[in-house]
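Remarks on the overall topology
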Amino acid sequence: MTADTADLTDDETGRIREQRGWYFYDFACSVYSTSVVTVFLGPYLTSVAKAAADADGFVHPLGIPVRAGSVFAYAVSVSIVVAVLLMPLAGAVADRTGRKKPLLAVAAYVGAGATAGMFFLGGDRYALGVVLLIVANASLSVSMALYNAYLPQIATPEERDAVSSRGWAFGYTSGAFVLVLNLILYTGHESFGVSESTAVRICLASAGVWWGAFTLVPLSRLRDRRVVKEGGRPGEGSVGTGWRQLMATLRDMRRHPLTLSFLLAYLIYNDGVQTVISQASIYGSEELGLDQTTLITAVLLVQILAVAGALGMGRLARTHGAKRTILASLGVWTVILAAGYFLPAKAPVWFFALAAAIGMVLGGSQALSRSLFSHLVPRGKEAEYFAAYEMSDRGLSWLGPLVFGLAYQVTGSYRDAILSLVIFFVIGFVLLARVPVRRAVAEAGNPVPDRI
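Residues numbered from 1 in each chain as written. Predicted model: local features only at pLDDT ≥ 70, side-chain atom pairs only at ≥ 80, totals over all residues. Heavy atoms only, no water.

All right, on to the overall build of the protein then. The helix and strand inventory of the protein stands at 17 helices and 4 strands. For a compact globule of 452 residues, the expected C-alpha radius of gyration is about 22 Å, and the protein comes in at 22 Å, within 12% of that figure. Along the first, second and third principal axes, the C-alpha atoms of the protein reach 65 × 45 × 40 Å. The buried share among the 452 residues of the protein stands at 55%. The contacts in the protein between residues at least 6 apart in sequence include a share of 83% that link residues at least 24 apart. Here the protein displays about 18600 Å² of accessible surface, and carbon together with sulfur accounts for 65% of that area. The positive charge centre, built from 37 side chains, and the negative charge centre, built from 31, are 6 Å apart in the protein. (Helix = DSSP H or I, 4+ residues; strand = E, 2+ residues; numbered from the N terminus. Rg over C-alpha atoms; globule rule 2.2 N^0.38 Å. Buried < 20%, exposed > 50% of the residue type's maximum accessible area, 1.4 Å probe, protein only. Contact = heavy atoms within 4.5 Å. Areas by Shrake-Rupley, 256 points an atom, 1.4 Å probe, with all protein chains shown as cover. Lys, Arg positive; Asp, Glu negative; His and termini not counted. Charge placed at Lys NZ, Arg CZ, Asp CG, Glu CD.)

Listed below in structure tokens is the structure:
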């Protein structure tokens, strides 16, 4: 299968216009990850589940006893399973038909609608919250796989590091902006004449409205590419064909072992990144004794500095190459964890310093990983391969939290638990360093950039 050869031969003005539209999907959906998942939904859904719990602290979805405090974690896990089932299918159908944009629209608006529906989450309606979380999380994963697959079609090889970095920067900008607005409402809810619960529900729903509204921009500017099968006939787009194509994709990926080697390295070090982000608040509250205001302020600081970090590392990649820049960022992540181990308790200033360091490498390491992978994808199979990339990002993100939890269980120390995550960055560094990326790009059938 080959993509339309006109993908990257359009005039520069048209290509830049499409790139600018592409940035806005990060701008649209990142508020969900920041305000909903990172800040508000976990504690709120837990409180709703506890309101519905029996005298022993259990709720009983489908007759299964579940401790109320575990509802959020289990819902996230189920959403990952659903996403893993849907992402390869969506990617296969998108590549087979060449119609990524309608699929992106469906995934985005299902997710945005589910998020907006969280306004009705209250009382003891924890089951509603679980369903909405599963739908929103899975929809986000599917939409991101399709969104990422546009990158090699809208940017030349020399442009991809910068374009990917700008996309992440747009996302972190919107996440920080909306989080500021949400925090103003949440902390001043009495002056706005609403209860704390209502303020939280408005914050949750506003993320869905934002997601849906700004998705209109990429949908108006991105365009579908006609896909032609080998032999010159248009691809078929049925669901059955999509599943058959998925099986073919899995077989095809074995013919690109260097691409798989990069995916393995990314899976490992990105699991470390995601675990640091998800467990930092627990470390701050339980080990360092910091209050909620400090923790939320640290999240905001990460969001703001991640913008500068993504853009700055994008510039470094133009000089030193994406691979070397990512490797350097993994070294910084290792230093961050070592510093976190020695962080003094009840010292917000040092915690903010650590958050600033995380922000400076977070966006850049993610953005450059995405752009580097885009060079390793065979043409015409962008959505399918990026579905696998997104699965490695989200579908296997349980390993880091497991290591963190086991380390705490064995040692009883969150300091030892946070230090245990160093192994992900060390192994990821070694595996990535061993990937000959220039040869990997050539073997994928793509032009090799001057610097990568």
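Let us keep going from here.
With that settled, the discussion passes to the pattern of salt bridges. In total, this model carries 5 salt bridges according to the counting rule given. In this structure, glutamate 159 and arginine 15 form a salt bridge, with 2.9 Å as the shortest nitrogen-oxygen distance. Separated by 144 residues along the polypeptide, glutamate 159 in the loop between α5 (151-154) and α6 (160-187) and arginine 15 in helix α1 (residues 12-52) bring together distant segments of the chain. Of the two residues, glutamate 159 and arginine 15, neither departs from the other in class, the shared state being buried. Across the salt bridge formed by arginine 439 and glutamate 443, the nearest N and O atoms sit 3.2 Å from each other. You can see arginine 439 and its partner glutamate 443 sitting in helix α17 (residues 437-443), 4 residues apart, about one turn around the helix. Overall, arginine 439 belongs to the partly exposed group, its relative accessible area being 46%. (Salt bridge = Lys/Arg side-chain N within 4 Å of Asp/Glu carboxyl O.)

What follows covers the environment of phenylalanine 351. Position of phenylalanine 351 among the secondary structure elements: in helix α12 (residues 348-374). Under the relative-accessibility criterion, phenylalanine 351 is labelled buried at 9%. Setting aside its immediate chain neighbours within four residues, phenylalanine 351 contacts Ala280, Gly284, Leu288, Leu290, Leu295, Ala298 and Leu343.

The residue asparagine 446 is located in the segment after α17 in this model. Take asparagine 446: its relative accessible area is 11%, and that puts it in the buried class. A polar contact is formed between the side chain of asparagine 446 and the backbone oxygen of histidine 375, at a distance of 2.7 Å. Apart from residues no more than four positions distant in its own chain, asparagine 446 is found in contact with Ser374, His375, Leu376, Val377, Arg379 and Val441. (Polar contact = N/O pair within 3.5 Å; in protein donor to acceptor, adjacent residues only side chain to side chain.)

Another point: a nonpolar patch on the surface. Residues Phe177, Val180, Leu181, Ile184 and Phe192 make up a contiguous nonpolar surface patch of about 460 Å² in total accessible area. Note on placement: valine 180 falls in helix α6. (Patch = residues over 30% accessible without salt bridge, like charges linked within 9 Å, V, L, I, M, F, W, Y side chains within 5 Å.)

Okay, the environment of phenylalanine 342 next. Mapping phenylalanine 342 onto the fold places it in the loop between α11 (322-341) and α12. Judged by relative accessible area, which is 65%, phenylalanine 342 ranks as exposed. Residues phenylalanine 342 and leucine 419, spaced 77 residues apart in sequence, show a C-alpha to C-alpha distance of 9.8 Å.

This paragraph deals with a positive patch on the surface. Positive charge collects at one region of the surface, where Arg17, Arg20, Arg166, Arg221, Arg315 and Arg318 lie side by side. Assignment of secondary structure puts arginine 221 in helix α7 (residues 196-221).

Another point: the packing of aromatic side chains. This structure, assessed with the given rule, holds 21 aromatic pairs. With a centroid separation of 6.2 Å and an interplanar angle of 65°, the aromatic rings of tryptophan 22 and tyrosine 23 are classed as edge-to-face. For tryptophan 22, a relative accessible area of 0% gives the class buried. Cluster of aromatic residues (ring-pair linked, three or more members): Trp22, Tyr23, Phe24, Tyr25, Phe27, Tyr147, Phe170, Phe177, Trp210 and Phe214. (Phe/Tyr/Trp six-rings, centres within 6.5 Å; stacked < 30°, edge-to-face > 60°.)

Quick look at the packing of helix α9 (residues 257-287) against α11 now. Two elements in contact, α9 and α11, have axes whose closest approach is 12 Å; the angle formed by their N-to-C orientations is 30°. With respect to each other, α9 and α11 are oriented roughly parallel. The two elements α9 and α11 meet at a crossing, and its hand is left-handed. Contact residues: α9 offers Tyr269, Val273, Val276 and Tyr283, while α11 offers Ile326, Leu330, Trp333, Leu337, Gly340 and Tyr341. Of the residues assigned to the contact of α9 with α11, the class counts are 9 nonpolar, 1 polar and no charged. (Axes fitted to C-alpha atoms, helices over the stretch in contact; angles between N-to-C directions. Parallel < 35°, antiparallel > 145°, perpendicular 65-115°, else oblique. Left-handed = near helix turned anticlockwise from the far one by under 90°. Nonpolar A, V, L, I, M, F, W, Y, C, P; charged D, E, K, R; others polar.)

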